[in-house]
Amino acid sequence: MQEEAVRFFLENNDMTTDEIEFLLLLIEWSLTHNFFTFNGEYYLQLCGVSMGSKYAPQFACLFMGWWESKFVHNNNPFINHLKYYGRYIDDILILFKGTESDLLAFYDYINNTHPCVKLTLEHSKTEIHFLDLTIYRDLTGEVNTTLYRKPTDVNSILHYNSFHPQFMKRNIPKGQFLRTRRICSSDSEFLEQSNMMQKRFSLRGYDTAVIHEAQVSAYESARQDLLSTKQSEQIKDNKNINFITTYNTLSYKFKKIIENNWEIIKADSALAPLHQLTPKCIYRRAPNLRDKLVHSHLTVVNNTSWLPKPVGCFKCLKCNHCKEVKQCKTFTTHEGGKEYDIRQFINCNSCFVVYLLQCTCGVFYIGQTKRRSFSRLLV
């Protein structure tokens, strides 16, 4: 059934049969090899997609789309009762025309179309919750919307003292108030919900002036403009470059150094035509507590090549120093005669090494260098 759902969409694309079969083979393997541990025991998941897998939302959308085409939009004895049908992943909103018994019969029908589809039903003639919306009819019969929070909702807004870029923390209140402005269909609803949100931001350490500025800016924005779809402005000039780094306490200083000194690049006759625009600073997330505390059971092997790298001291075979290098995997101390393993790959081009020089008379010398070993020893 799951393979049939994916095949349904793949066959409607410009793909060859071999490509489709290869993708289906990969999907089948990932669906049938979901292992996890609990209390020291290993388990195999027999049904569904593993939680946390990157393709799970897309797979759910494909499966539900196939299910809809087969059982909702076609072969549906209640199709004439559906005045509106909308879905976001696995949340469905329906405007149903009929009696309550008709609705319950439709609910029983769709819950028996597929063993993997078991929906819960919430229905009302006056009010319904969908995602973060509450859709309701007022006393005049007009349909309105306001912000909805689940009873289990907690104040999970990013704390202001969290280790994130300052511009991000300043933009969070603005984004949340604009979201509230889009959702609330009346000014009174917006003021009520935005005042509640103002308290939530205050509890998370945000400055009162920042919260107030974002709230006023959202209130003064025209809701109709916020609801309209805007085309994103793409920068067609591909000559600009990005400075990508992991966010840290010095990131702001790095940004200022680049901005303050970019005129030097622009003044260069060779570089100016290539780099007129100041680089945009883009930050990767810094490691958090989860990254440090949670580890995979699998050992991560960071090989840059599929070929195994030898361990020991070797000749590079490209320099005059090679004839003096002893190729070995161990070395013996002159005092005590204890043998040690060389645990890394070392040759004439290696840097930051500790080396041992031995004369034929028995005298030896131990040194260290940051440079390539052959350049240090040929001085």
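Every value quoted in this text rests on a predicted model; they were computed, and no experiment measured them.

Q: For this particular structure, what's the right way to read helix α6 (residues 187-203)?
A: Each turn of an α-helix holds 3.6 residues, which means side chains three or four residues apart point in the same direction. Here α6 spans 24 Å end to end across 17 residues, near enough to the 24 Å set by a 1.5 Å rise per residue. By the burial criterion, the buried members of α6 are E189, F190, Q193, S194, M197, R200 and F201. Projected down its long axis, α6 shows its buried positions confined to an angular sector of 110°, all on one face. Away from its buried face by more than 90 degrees, α6 exposes S188, K199 and L203. Packing partners of the buried residues in α6 comprise β6 (133-137), β7 (143-147), α5 (166-183) and α7 (208-220). Two residues or fewer after α6 comes G205, characterised by a positive phi angle close to 85°.

Q: Would you mind showing me how to read the domain arrangement of the protein here?
A: Size of an interface, as often reported, equals the accessible area lost when the parts are brought together. Once the domains are mapped, the protein shows domain 1 (1-123), domain 2 (147-227), domain 3 (242-289) and domain 4 (312-372). Just the C-alpha atoms count here: the centres of domain 1 and domain 4 sit 63 Å apart.

Q: Can you walk me through the nonpolar core in this structure?
A: Burial of nonpolar side chains together is a common tendency in soluble globular proteins. The biggest cluster of nonpolar side chains holds 17 residues, and the ones touching the most others in it are F63, W67, F106, Y109 and I110. Listing elements by their share of this core, those giving two or more residues are α3 (56-72), β3 (82-88) and α4 (100-110). No other element matches α3, which puts six residues into this core. Ranked by size, the runner-up nonpolar core spans 15 residues in total, among them L147, F190, F201 and A218.

Q: Quick question: what am I supposed to make of the pattern of salt bridges here?
A: A side chain of one charge can pair with a side chain of the opposite charge if their charged atoms are brought near each other. Within the structure shown, the criterion is met by 10 salt bridges. Of the charged contacts in the structure, one is a salt bridge between D132 and R179, with a shortest N-O distance of 3.2 Å. Here R179 lies in helix α5 and D132 lies in the loop between β5 (127-130) and β6, a separation of 47 residues in the sequence. Overall, D132 belongs to the partly exposed group, its relative accessible area being 26%. You can call R179 partly exposed: its relative accessible area is 24%.

Q: Got a minute to help me understand the sheet that holds β6 in this structure?
A: The strands that make up a sheet pair up through hydrogen bonds in the backbone, lying either parallel or antiparallel. Taken together, three strands build an open sheet; the order of strands is β5-β6-β7 and the sheet is antiparallel. What marks the edges here is a single partner per strand, and that holds for β5 and β7. Looking at each pair of strands side by side, their axes are set apart by 25° on average, direction ignored. Inspection of the sheet shows β6 paired to β7 by five bridges, in the antiparallel sense. Within β7, the position partnered with I135 by the bridge is T145. Docked against the sheet, α5 engages β6 and β7, running at close to 160° with respect to β7.

Q: I would appreciate a short explanation of the pairing of strand β15 (residues 364-369) in the present structure.
A: Of the pairings in the sheet, the one linking strand β14 (residues 353-358) to β15 comprises six bridges and is antiparallel in character. When the bridges of β15 are listed, L357 appears paired with Y365. Between β14 and β15, which follow one another and run antiparallel, lie five residues, and G362 among them has a positive phi close to 105°.

Q: Would you mind going over a nonpolar patch on the surface with me for this structure?
A: Residues V354, L356, F364 and I366 make up a contiguous nonpolar surface patch of about 370 Å² in total accessible area. Among the secondary structure elements, those contributing two or more residues to the nonpolar patch are β14 and β15. Take L356: it is sitting in strand β14. Judged by its relative accessible area of 37%, L356 falls in the partly exposed class.

Quick notes on the rules
- Residues numbered from 1 in each chain as written.
- Predicted model: local features only at pLDDT ≥ 70, side-chain atom pairs only at ≥ 80, totals over all residues.
- Heavy atoms only, no water.
- Helix = DSSP H or I, 4+ residues; strand = E, 2+ residues; numbered from the N terminus.
- Expected span 1.5 Å × (residues − 1).
- Buried < 20%, exposed > 50% of the residue type's maximum accessible area, 1.4 Å probe, protein only.
- Arc of directions from axis to C-beta.
- Contact = heavy atoms within 4.5 Å.
- Domains from an automatic or database assignment.
- Core = buried A, V, L, I, M, F, W, Y, C linked by side-chain atoms within 4.5 Å.
- Salt bridge = Lys/Arg side-chain N within 4 Å of Asp/Glu carboxyl O.
- Pairing = 2+ DSSP bridges.
- Axes fitted to C-alpha atoms, helices over the stretch in contact; angles between N-to-C directions.
- Patch = residues over 30% accessible without salt bridge, like charges linked within 9 Å, V, L, I, M, F, W, Y side chains within 5 Å.
- Areas by Shrake-Rupley, 256 points an atom, 1.4 Å probe, with all protein chains shown as cover.

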